[in-house]
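Structural features, examined
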Amino acid sequence: MAEEPYRTVAGRGRAEFEVTGSEFIGHVAPAPDVETAEAFVDDVREEYDDATHNVPAYRVRADPLREWASDDGEPTGSAGKPALNVLQQEDVENVVAVVTRYYGGTNLGVGGLARAYSRAVKDGLDAAGVIEERPHERFAVVVDYDDSGTVRGIVESAGVEFDADYEERVTIAVRAPVEDADDLRDRIRSATSGRAEFDDER
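Since the structure is predicted, the reported quantities are computational estimates derived from the model, not experimental observations.

1. Let's talk about the overall build of the protein chain
On a plain count of helices and strands, the protein chain comes out with five helices and eleven strands. Relative to the compact-globule value of 17 Å for 202 residues, the protein chain shows a C-alpha radius of gyration of 22 Å, a clear excess of over 25%. Its C-alpha atoms give the protein chain principal-axis dimensions of roughly 70 × 30 × 25 Å. Excluding contacts between residues fewer than 6 apart, the proportion of contacts in the protein chain whose partners are at least 24 apart in sequence is 70%. As displayed, the protein chain offers around 10400 Å² of accessible surface, 42% of which is attributable to carbon and sulfur atoms. The averaged location of the 45 negative side-chain charges in the protein chain is 4 Å from the averaged location of its 22 positive side-chain charges.

2. With respect to the nonpolar core
Grouped together as the largest cluster of nonpolar side chains are 23 residues, with contacts concentrated most on Phe24, Val28, Leu87, Val95, Tyr117, Val121 and Leu125. Looking at this core, the elements with two or more residues in it are strand 3 (22-30), strand 4 (53-60), helix 2 (80-89), strand 6 (95-102) and helix 3 (109-128). It is helix 3 that contributes the most residues to this core, seven residues altogether. Of all hydrophobic cores here, the second largest spans 15 residues; its members include Ile154, Val170, Ala176 and Ile188.

3. Focus: the packing of aromatic side chains
Enumeration over the complete set of coordinates arrives at five aromatic pairs. With 6.0 Å between their ring centres and 55 degrees between their planes, Phe139 and Phe198 make a pair best called tilted. Of this pair, Phe139 sits in strand 8 (residues 136-143) while Phe198 sits in strand 11 (residues 197-201), and the two are 59 residues apart along the sequence. Phe139 gets classed as buried once you look at its relative accessible area, which sits at 1%. One aromatic cluster in this structure is built from Phe17, Phe24 and Tyr117.

4. Some points on the sheet that holds strand 5 (residues 66-69)
Strands belonging to one sheet form pairs held by backbone hydrogen bonds; the direction of such a pair is parallel or antiparallel. Pairing is antiparallel in the open sheet, where five strands are placed in the order 2-3-6-4-5. The strands lining the two open edges of the sheet, one partner per strand, are strand 2 (13-19) and strand 5. On average, each strand axis in the sheet is inclined to that of its neighbour by 15 degrees, with strand direction left out of account. Taken strand by strand, helix 2 contacts strand 4, strand 5 and strand 6, and its axis lies near 35 degrees from that of strand 4.

5. Some details on the pairing of strand 8
Counting buried positions over the eight residues of strand 8 gives six, a clear majority of the element. As defined by bridge partners, strand 8 adjoins strand 10 (residues 170-177) across eight bridges and the pair is classed as antiparallel. Opposite Phe139, over in strand 10, you have Val174 as the bridge partner.

6. Focus: helix 3
The terminal C-alpha atoms of helix 3 lie 29 Å apart, and with 20 residues this matches the ideal 28 Å at 1.5 Å per residue to within 8%. Gly129, located one to two residues past helix 3, shows a positive phi value of around 90 degrees.

7. Here's the deal with the environment of Pro32
Relative to the helices and strands, Pro32 is located in the loop between strand 3 and helix 1 (34-47). In this structure Pro32 comes out as exposed when scored by relative accessible area, which is 52%. Residues Pro32 and Asn94, 62 residues apart in the sequence, show an inter-C-alpha distance of 5.1 Å. If we ignore the near neighbours within four places in the chain, the residues touching Pro32 are Val60, Arg61 and Asn94.

Conventions and cut-offs
Every chain is numbered on its own, with residues counted from 1 as its sequence reads. Selection of residues for local features in this predicted model requires a pLDDT of at least 70, selection of side-chain atom pairs for listing and counting requires 80 or more, and totals for whole chains, interfaces and linings are taken over all residues. Computation of side-chain values covers all heavy atoms of the structure but excludes hydrogens and water. Starting at the N terminus, helices and strands are each numbered in turn, a helix being any DSSP run of H or I of at least four residues and a strand any DSSP run of E of at least two. All radius of gyration figures rest on C-alpha atoms, and the globule criterion is 2.2 Å times the number of residues raised to 0.38. What makes two residues a contact is simply this: any of their non-hydrogen atoms within 4.5 Å. For every accessible area listed, the method is Shrake-Rupley and the probe measures 1.4 Å; residues are considered covered only by the protein chains on display. Residues scored as positive are Lys and Arg, those scored as negative are Asp and Glu, and His as well as the terminal groups of each chain are ignored. Charge positions are represented by NZ for Lys, CZ for Arg, CG for Asp and CD for Glu. Throughout, nonpolar core names a set of buried Ala, Val, Leu, Ile, Met, Phe, Trp, Tyr and Cys residues whose side chains join them through atoms within 4.5 Å. Here's how the labels work: a residue is buried when its accessible area is under 20% of the maximum for its type, exposed when over 50%, partly exposed in between, all with a 1.4 Å probe on protein chains only. Think of it this way: a Phe, Tyr or Trp ring, Trp meaning its six-membered ring, pairs with another when their centres are within 6.5 Å, and the plane angle makes it stacked under 30 degrees, edge-to-face over 60, tilted otherwise. Only strands that DSSP links by at least two bridges are regarded as paired with each other. Axis geometry follows a simple rule: fit a line to the C-alpha atoms, using only the stretch in contact for helices, then measure angles between N-to-C directions, giving values from 0 to 180 degrees. Given the number of residues in a helix, its expected span is that number minus one, multiplied by 1.5 Å.

In structure tokens, the structure reads:
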């Protein structure tokens, strides 16, 4: 599962609308791990602490996939599950959604609530933009100054993200697509005759 491309969101998204007086605001954000997802939920709850409900749902790539949702005081099955269902139907991962509701005085019923919470997540996803992401891994290459130019040249030509830190030795932190990482390491080993040291952190 970890090697396959997956659908996620390009950035944060926000959408709002009104249903018979109740205001709904869908907040969507990328979440590479459960901690990030839960921190986003906490942030929204803090920012909208005067709301009647803040209903969270997330799907995060872990082993196994972590899915979670809460009705946050709404009738059972009327909020969290419909919100999570949208993330499942859209097949997005590493995504967190929170739907904020300000009650407008009219009960919407379970069906009405389910539709509104689903729409808030869907509109939030549309606002965030769904993209296909290839899994990446990170590793660091540690070399002496003599080899740093060679390694930097290889990394630059591969077109991957990297950061170079020049201290006693040079550490180049690389973020590369999983399927390209082994080949990149082999090229660096070969170009430095095995002098490069690797510190892997997937």
